[in-house]
Amino acid sequence: MRDEELIQSILQGDGEKYAVIVDRYQTRLYRTAYYYAGNVEDARDLTQEILIKAYNSLAKFKHGSAFSTWLYRIAVNHCIDWSRKKRPRCEEATCLLNLSDGEAGPEERFLRQERAAEVHRAVGCLPERYSTVLMLYYFEEWTPQEIAFILAISKRTVETRLSRGRKMLREKIPLKQAGGVCHDLFSQSG
Amino acid sequence: MTCFRSRDRWHSYVVKSLSRMEMREMETHLERCAECRARVAAIRETSGFLAVARVPLIAPPMIKDQVMAAIDMGKYRAKAGFPRFGQGLQHLGFSLLAAGIILLMVNLTPVGRNLRSGEVADLNVQFGKEIALPFTHLSQTLSVAAEKFGLMGRGQDEMGSWVPGKE
Ligand SMILES: [Zn+2]
C-alpha cells in the first residue's frame, strides 16, 4: 500500500494504519535525528516526537505531494529547532556506534570509526544551512529537488549551498588517507 | 572558474534527478568542458568519502510502541464517521434562534388586548418601529452566528499554505 493510500485510510478513521508508516520511516528518521543529536537517547526522543507531530498534522498533508518529503520537512524543522535550544554549537567527537563490519579487523575498524567521527564532526560544525543540505544529500540521499521541498527553498539555492558546504568541508578536512597515499579529498573545482 | 555553467545543476546531474533532455544537454556540455567535468568528479568523490560517515543505526522497537501508545487513534475516526461539532452547533444555533423568535411573538400578543380598535392602528405603527429594532439585531445575530459556525466548519477542512513543523 502506498503512503498516500495509507494516509487516506488513517484520515478516514483507521488510525492503526499509522503503524505501517512508523515501520516505514522510523529508521530513516532516527538516523537523521542522530545527526543532529549526536546520541541515541535524544535521537530516540526526537524520532518519537516527529512521528507524533506528523500524525497530529496529517489532515494538513496535501495530497498530490510526496508524503516522504512532507514528513521530512517536519523532521528537519523539528531537529533544527531542537538543536538551537538544546545542543551546544559544534560538539566534540560524536560517538559513532557499531560502524564495524564483520570482515574488518579491530585496527581497521578503529581507524574507520575515527575517520567517520572526524567527518561527522566536520559536517556538524558547519553553519546549519550547509550542514543540513550536506547531510540530506550525501548521507540521506535526497535529490536537490526533494531537499528544496523539505527546506522550502529553491533548487538553485540547494545547489549553491551544496557547493559552498563542500568548499567549507574541504577547508576543514583537506586530506584523506587512502592506501597510504595522501591526496586532496575535495580536489579541483570547489 | 570560467565556465558559465560551473554553478549549474551538477548535484542534480550526479544523482540523475533531471529530465532526459536536461541530462543529455549537460552530458554534451561535459564532453567539451574540463572545468565542469572536474566539478562532477569532485561531487562524486565527496560522495564516496562521506559515505564512511553514514550512521548504520536501526530504530529501536520502543519507538513504534511509544508512538502508537501516544497517538489518539480515534482522532480522525470521529471526524470521518460522525457529524462535525461545528455542524451540530450550527443546527442548534438556528433552532435556538427560531425558538427565540416564536417566544418574542407570543410575548407581544397580549399588549393589544384592552385597546379600542382606533388605537390599535397607532400602536401598530409604534410597535412596528420598536419591533423593527430587535429584528434587525436578530437578523444580524443570525448572520453573525451563521458566519461563525459556517467558518468553524470550513476551518476543519482547510489546509491552506501550512508549513509543517513551523506552527
Ligand atoms: Zn562547463
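Residues numbered from 1 in each chain as written. Chains lettered and ligands numbered in written order. Predicted model: local features only at pLDDT ≥ 70, side-chain atom pairs only at ≥ 80, totals over all residues. Heavy atoms only, no water.

Asks: Mind showing me how you'd approach the overall build of chain B here?
Replies: Within chain B, the secondary structure is distributed over 7 helices and 0 strands. Mapped in sequence order, the helices and strands of chain B form the string α-α-α-α-α-α-α. Out of the 167 residues in chain B, the part that is buried amounts to 28%. Taking the intrachain contacts of chain B between residues at least 6 apart in sequence as the baseline, contacts between residues at least 24 apart amount to 63%. Total accessible area computed for chain B in this model is approximately 11,100 Å², and 61% of it derives from carbon and sulfur atoms. (Helix = DSSP H or I, 4+ residues; strand = E, 2+ residues; numbered from the N terminus. Buried < 20%, exposed > 50% of the residue type's maximum accessible area, 1.4 Å probe, protein only. Contact = heavy atoms within 4.5 Å. Areas by Shrake-Rupley, 256 points an atom, 1.4 Å probe, with all protein chains shown as cover.)

Asks: Help me understand the pattern of salt bridges in this model?
Replies: Pairing between side chains becomes possible if they bear opposite charge and their charged atoms approach one another. All names here are of chain A. On inspection of all chains with the given rule, the structure shows 8 salt bridges over all chains. The closest approach of N and O atoms between D3 and R24, which form a salt bridge, is 2.6 Å. You can see D3 sitting in helix α1 (residues 3-11) and its partner R24 sitting in helix α2 (residues 18-37), a full 21 residues away along the chain. Between K17 and D14 there is a salt bridge; the shortest N-O distance is 2.9 Å. (Salt bridge = Lys/Arg side-chain N within 4 Å of Asp/Glu carboxyl O.)

Asks: Would you take a moment to explain the packing of aromatic side chains for this structure?
Replies: Aromatic ring pairs: the centre-centre distance and the angle between the two ring planes describe each pair. All names here are of chain A. For the coordinates displayed, the defined rule picks out 10 aromatic pairs over all chains. Arranged with centres 5.8 Å apart and planes meeting at 65°, the rings of Y25 and F67 form a pair that is edge-to-face. Separated by 42 residues along the polypeptide, Y25 in helix α2 and F67 in helix α4 (residues 67-85) bring together distant segments of the chain. Residue Y25 is classed as buried on the basis of its relative accessible area, which comes to 8%. If you follow R28 out to its NZ or CZ, it ends over the ring of Y72, 5.6 Å from the centre. (Phe/Tyr/Trp six-rings, centres within 6.5 Å; stacked < 30°, edge-to-face > 60°. Lys NZ or Arg CZ within 6 Å of the ring centre and 35° of its normal.)

Asks: Sorry if this is basic, but what is going on with helix α7 (residues 144-151) of chain A here?
Replies: Each turn of an α-helix holds 3.6 residues, which means side chains three or four residues apart point in the same direction. Within the sequence span of α7(A), burial applies to A:P144, A:I147, A:A148 and A:I150. Angular distribution of buried residues about the axis of α7(A) spans 165°; they occupy a single face of the element. In this structure, the buried side of α7(A) is in contact with α4, α6 (128-139) and α8 (155-172) of chain A together with α1 (10-14) of chain B. Remark: A:A152 follows α7(A) within two positions and exhibits a positive phi of approximately 55°. (Arc of directions from axis to C-beta.)

Asks: Whenever I open this one, a positive patch on the surface confuses me. Can you help?
Replies: On the surface, a cluster of positive charge is made up of A:R129, A:R164, A:K167 and B:R7. Given the relative accessible area of 38%, A:K167 is considered partly exposed. (Patch = residues over 30% accessible without salt bridge, like charges linked within 9 Å, V, L, I, M, F, W, Y side chains within 5 Å. Lys, Arg positive; Asp, Glu negative; His and termini not counted. Charge placed at Lys NZ, Arg CZ, Asp CG, Glu CD.)

Asks: Help me out: how do you make sense of the interface of chain A and chain B in this one?
Replies: A common way to report how large an interface is uses the accessible area buried once the components associate. Listed as interface residues are 70 residues of chain A and, on the opposing side, 52 residues of chain B. Summing both partners gives a buried area of about 5,600 Å² for chain A against chain B, and 63% of it is carried by carbon and sulfur. Here chain A and chain B share 1 salt bridge between them. A:D23 serves as the salt-bridge partner of B:K64, at 3.0 Å between the closest nitrogen and oxygen. Summed over the shared surface of chain A and chain B, the number is 13 residue pairs in polar contact (both at pLDDT 80 or more). (Buried area = accessible area lost by both parts, 1.4 Å probe. Polar contact = N/O pair within 3.5 Å; in protein donor to acceptor, adjacent residues only side chain to side chain.)

Asks: Quick question: what am I supposed to make of the coordination of the zinc ion here?
Replies: Note on metal sites: the ideal angle is 109.5 degrees for four tetrahedral donors, and 90 or 180 degrees for six octahedral donors. Residues and elements named next belong to chain B. In this structure, C3 (SG), H29 (NE2), C33 (SG) and C36 (SG) serve as the protein donors to the zinc ion, at separations of 2.1 to 2.2 Å. Metal-centred angles of 99 to 117° between the 4 donor atoms at the zinc ion mark the site as tetrahedral. For the zinc ion, all donor residues lie on one chain, and their spacing in sequence is C-x25-H-x3-C-x2-C. Grouping residues by exposure puts H29 and C36 together as buried. (Donors = N, O, S within 2.8 Å, 3.2 Å for Na, K, Ca; no water. Tetrahedral: all angles 85-135°; square planar, octahedral: opposite > 155°, others 65-115°.)

Asks: Please explain the confidence of the model for chain A as it appears in this structure.
Replies: Low pLDDT marks stretches whose predicted atomic positions should not be read closely. All names here are of chain A. Chain-level statistics for chain A give a pLDDT mean of 84 and a share of 82% at 70 or above. Taken as a whole, residues 92-100 scores under 50 in pLDDT and shows 23 contacts with residues more than four places along the chain or in a different chain. A low-confidence stretch, residues 175-190 (pLDDT under 50), is modelled with 40 contacts involving residues beyond four sequence positions or located in other chains. (pLDDT = per-residue confidence, 0-100.)

Asks: Could you clarify how one ought to interpret the environment of A:I80 in this entry?
Replies: All names here are of chain A. If you trace the backbone, I80 turns up in helix α4. Between the alpha carbons of I80 and A33 there is a distance of 9.6 Å; along the sequence they are 47 residues apart. Residue contacts for I80: discarding those within four places in its chain leaves Y36, E128 and T132.

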